[in-house]
Amino acid sequence: MKNGIVVVGNVFVDIKGFPDAKYIPAGRNAGRVEFFHGGVGRNIAEDIANLELRPTFVTTTDESAQGEDVVQKLRRHKVNTDYMVPAKDGMGMWLAVFDETGDVVGSISKRPDMTALKELIDSRGDEIFSACDSIVIEIDLDKDVVKSVFRFAQKYRKRVFAAVANMSIASDRRDFIKEVECFVCNLQEAEILFVDDFANLPVEELGARISQDVLSAGIRSMVVTLGSKGCIYADMSGDYGYCPALKIQARDTTGAGDAFCAGLAAGLTYGCSLAQAAEIGTKIAASVVTSSDNVCPRFLPEELGINAEVGISDFYGSEDILK
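Residues numbered from 1 in each chain as written. Predicted model: local features only at pLDDT ≥ 70, side-chain atom pairs only at ≥ 80, totals over all residues. Heavy atoms only, no water.

### Observations regarding the confidence of the model for the protein
Reasoning step 1: Of the residues in the protein, 92% have a pLDDT of 70 or more, and the chain-wide mean is 90.
Reasoning step 2: For the stretch residues 312-316, pLDDT sits under 50, and the model shows 25 contacts to residues farther than four places along the chain or on other chains. (pLDDT = per-residue confidence, 0-100. Contact = heavy atoms within 4.5 Å.)

### Topic: the sheet that holds strand 1 (residues 4-8)
Reasoning step 1: With respect to topology, nine strands assemble into an open sheet ordered 5-4-1-8-9-10-11-12-13, the strand pairing being mixed. Each of the sheet's edge strands pairs with one partner strand only, and the pair in question is strand 5 (84-86) and strand 13 (240-243). On average, adjacent strands in this sheet sit at an angle of 15° to one another, irrespective of strand direction.
Reasoning step 2: Pairing geometry for strand 8 (residues 132-138) and strand 9 (residues 160-163), over four bridges, is parallel. Of the residues in strand 9, the one forming a bridge with isoleucine 135 is valine 160.
Reasoning step 3: Sheet strands touched by helix 8 (residues 203-217): strand 11 (221-225), strand 12 (231-235) and strand 13. Its angle to strand 12, the strand with the most contacts, is close to 35°. (Pairing = 2+ DSSP bridges. Helix = DSSP H or I, 4+ residues; strand = E, 2+ residues; numbered from the N terminus. Axes fitted to C-alpha atoms, helices over the stretch in contact; angles between N-to-C directions.)

### Digging into helix 7 (residues 187-194)
Reasoning step 1: Residues of helix 7 that are buried include every one of Leu187, Glu189, Ala190, Leu193 and Phe194, and no others. End-on, the buried residues of helix 7 take up no more than an arc of 155°, which puts them together on one face.
Reasoning step 2: Those residues of helix 7 hidden inside the fold are in contact with helix 5 (167-170), helix 6 (174-177), strand 10 (182-186), helix 8 and strand 11.
Reasoning step 3: Residue asparagine 186 occupies the N-cap position of helix 7, its side-chain oxygen lying 3.2 Å from the main-chain nitrogen of glutamine 188.
Reasoning step 4: Remark: valine 195 follows helix 7 within two positions and exhibits a positive phi of approximately 50°. (Buried < 20%, exposed > 50% of the residue type's maximum accessible area, 1.4 Å probe, protein only. Arc of directions from axis to C-beta. Polar contact = N/O pair within 3.5 Å; in protein donor to acceptor, adjacent residues only side chain to side chain.)

### Considering the sheet that holds strand 2 (residues 12-19)
Reasoning step 1: Across the sheet, which stays open at both edges, the four strands sit in the order 3-2-6-7 with mixed pairing between neighbours. Lying at the two open borders of the sheet, with one neighbouring strand each, are strand 3 (31-38) and strand 7 (104-110). Neighbour to neighbour, the strand axes of the sheet diverge by 15° on average, direction disregarded.
Reasoning step 2: The sheet contact formed by strand 2 and strand 3 spans eight bridges and is antiparallel. Its bridge partner lying in strand 3, isoleucine 15 is registered against phenylalanine 35.

### Remarks on the pattern of salt bridges
When the charged atoms of two side chains with opposite charge come close together, those side chains can pair.
Reasoning step 1: As enumerated under the stated definition, the model contains 17 salt bridges in all.
Reasoning step 2: The partner of arginine 298 in a salt bridge is glutamate 52, and the shortest N-O contact between them spans 3.3 Å. In this pair, arginine 298 is assigned in the segment after helix 10 (274-289) and glutamate 52 in the loop between helix 1 (40-49) and strand 4 (56-61), connecting sequence segments 246 residues apart.
Reasoning step 3: Assessed through its relative accessible area of 39%, arginine 298 is described here as partly exposed.
Reasoning step 4: Taking the relative accessible area as the measure of exposure, glutamate 52 reaches 28% and is therefore partly exposed.
Reasoning step 5: Glutamate 181 is the salt-bridge partner of arginine 159, the closest N and O atoms lying 3.1 Å from each other. (Salt bridge = Lys/Arg side-chain N within 4 Å of Asp/Glu carboxyl O.)

### A few points about the state of the cysteines
Reasoning step 1: Tallied over the entire structure, the rule returns zero disulfides.
Reasoning step 2: Sulfur of cysteine 132: no disulfide; nearest cysteine sulfur belongs to cysteine 261 and is 15 Å away.
Reasoning step 3: Judged by relative accessible area, cysteine 132 falls into the buried class, the value being 0%.
Reasoning step 4: A disulfide-free cysteine, cysteine 182 has its sulfur positioned 8.0 Å from the sulfur of cysteine 261, the nearest such atom.
Reasoning step 5: Given a relative accessible area of 1%, cysteine 182 falls into the buried group. (Disulfide = S-S within 2.5 Å.)

### Quick notes on the side chain of threonine 61
Reasoning step 1: By the secondary structure assignment, threonine 61 is in strand 4.
Reasoning step 2: Overall, threonine 61 belongs to the buried group, its relative accessible area being 3%.
Reasoning step 3: For threonine 61, the residues in contact, after removing those within four places along its chain, are Val11, Gly67, Val71, Met84, Val85, Pro86, Ala87, Gly90 and Met91.

### Thoughts on the packing of helix 9 (residues 256-269) against helix 10
Reasoning step 1: The geometry of helix 9 relative to helix 10 is characterised by a closest axis approach of 7 Å and an angle of 145° between their N-to-C directions. Helix 9 and helix 10 meet at a crossing whose hand is right-handed. Contacts between helix 9 and helix 10 pair Ala256, Ala259, Phe260, Gly263, Leu264, Gly267 and Leu268 from the former with Leu274, Ala277, Ala278, Ile280, Gly281, Thr282, Ile284, Ala285, Val288 and Val289 from the latter.
Reasoning step 2: Looking at the contact of helix 9 with helix 10, its residues break down into 13 nonpolar, four polar and no charged. (Left-handed = near helix turned anticlockwise from the far one by under 90°. Nonpolar A, V, L, I, M, F, W, Y, C, P; charged D, E, K, R; others polar.)

### Regarding the environment of valine 40
Reasoning step 1: Relative to the helices and strands, valine 40 resides in helix 1.
Reasoning step 2: With 79 residues separating them in the primary sequence, valine 40 and glutamate 119 have C-alpha atoms 21 Å apart.
Reasoning step 3: The residues contacting valine 40, other than those within four sequence positions of it, are Asn10, Glu138, Ala163, Val164, Ala165 and Asp258.

### Some points on the packing of helix 3 (residues 115-129) against helix 4 (residues 143-155)
Reasoning step 1: Interaxial distance between helix 3 and helix 4 falls to 10 Å at its minimum, and their mutual angle equals 10°. Judged by the angle between their axes, helix 3 and helix 4 are roughly parallel. Note on packing geometry: the crossing formed by helix 3 with helix 4 is right-handed. Here Leu117, Lys118, Ile121, Asp122, Gly125, Asp126 and Phe129 of helix 3 come into contact with helix 4, specifically with Asp144, Val145, Ser148, Val149, Arg151, Phe152 and Lys155.
Reasoning step 2: Taken together, the residues of the contact of helix 3 with helix 4 break down into six nonpolar, two polar and six charged. (Parallel < 35°, antiparallel > 145°, perpendicular 65-115°, else oblique.)

In structure tokens, the structure reads:
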């Protein structure tokens with residue numbers, strides 16, 4: 001059976017606080033607190049499923065009712081949950097406070113234990129990755145987990161796309177970032193990765209600077225999201241471009257980057273160019289920030305210019321990172 005796009009990542013419980021009025025950093029803010037299923041990998045898997053593309057999610061949950069609820073919700077959205085296994089401390093937690101504009105003003109996260117995830121991939125990797133169309137991975141997962149995924153990607157010649165939850169950790173994964181087909185991050189994360197300062201640069205100059213950094217770092221292709229300003233994409237051939245954001249009223253920006261990655265990976269997996277895939281990611285991200293949920297609404301692939309009959313999944317990697 002085809003596993004579609006395989007997403008390897010974590011599940012988090014997101015606890016969000018929203019003020020009723022203007023947020024006062026040092027004050028007591030009346031408002032509401034809401035709980036959501038989150039995590040970069042979980043969000044991407046549900047976003048891809050909401051594009052009617054039937055992804056497979058490889059992750060751990062825990063043995064609580066909350067963990068089972070995560071599995072059942074994804075199953076209802078037609079995510080393949082066969083490789084979601086319960087484990088002690090298998091889910092993470094993210095606590096965030098938002099201001100009145102929907103931007104995060106403070107957060108604390110607790111990462112899950114990934115031992116069981118590594119064991120799952122090592123023991124069932126052949127059946128997971130041999131029949132997939134492509135792979136999306138959180139590149140800041142534990143290094144042994146990332147290494148196992150790349151081993152199977154290389155074995156079955158699958159393209160890998162990467163998102164990031166913690167750039168401070170991901171910046172130590174530069175060897176893996178160079179091997180992914182396309183890496184997605186925001187502007188602040190790109191500054192950390194490249195040890196560069198992009199502050200106050202106009203879009204035209206920013207695109208040229210990011211393109212040069214991509215070439216210097218030997219990254220195959222990369223998209224840097226700019227929030228309400230859109231995104232810049234660049235590749236190893238020296239080509240780069242800009243995709244403007246859609247004009248919408250933002251309510252909650254959580255999950256927008258994950259949705260962008262889902263749309264981009266879906267486009268690139270099924271035959272779109274980098275520029276076309278960036279446009280798809282931009283549209284999907286815009287649909288997320290208009291609500292307080294973490295994921296996009298339903299789209300048909302045809303609405304986005306995605307032809308799911310076309311699979312481009314070959315991965316041409318290096319063995320060096322597996323040593």
